[in-house]
Amino acid sequence: MEVLREARAQLAELTGMTAESVSSFEQTEDGWALEVEVLELERVPDTMSLMASYQVELDEEGQLTGYRRVRRYERGRSDARGGR
């Protein structure tokens, strides 16, 4: 759990955006791979806020080694990509 908390904090510090949740998490040969849901643009109503999924890579000690945005979506929209 500490790895997840630290990854969210590191991503938020680098991007200046709020990391809201971790939607996937797995151990890799080199450390950890996560997908983190981030609030990119807050709107009213909240269901229109712009969200993004970021792929985040961590080393074995839990230090962020890379990240990239893999998709953007409105919070209130259902996912047409089969649950991902």
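Predicted model only: the values in this text are computed from it and were never measured.

Asker: Explain the environment of V36 to me, please; I cannot follow it from the model alone.
Answerer: Looking at the secondary structure, you find V36 in strand β2 (residues 31–41). The buried category is assigned to V36, whose relative accessible area is 0%. C-alpha separation for the pair V36 and V56, spaced 20 residues apart in sequence, amounts to 7.1 Å. When neighbours within four sequence positions are excluded, V36 is seen to be in contact with R8, L11, A19, S21, V22, A52, S53, Y54 and V56.

Asker: Just checking my understanding: could you explain the environment of V56 for this structure?
Answerer: In this fold, V56 is placed in strand β3 (residues 50–59). Setting aside chain neighbours within four positions, we find V56 in contact with L11, W32, A33, L34, V36, L64, G66 and Y67.

What counts, and at which threshold
- Residues numbered from 1 in each chain as written.
- Predicted model: local features only at pLDDT ≥ 70, side-chain atom pairs only at ≥ 80, totals over all residues.
- Heavy atoms only, no water.
- Helix = DSSP H or I, 4+ residues; strand = E, 2+ residues; numbered from the N terminus.
- Buried < 20%, exposed > 50% of the residue type's maximum accessible area, 1.4 Å probe, protein only.
- Contact = heavy atoms within 4.5 Å.

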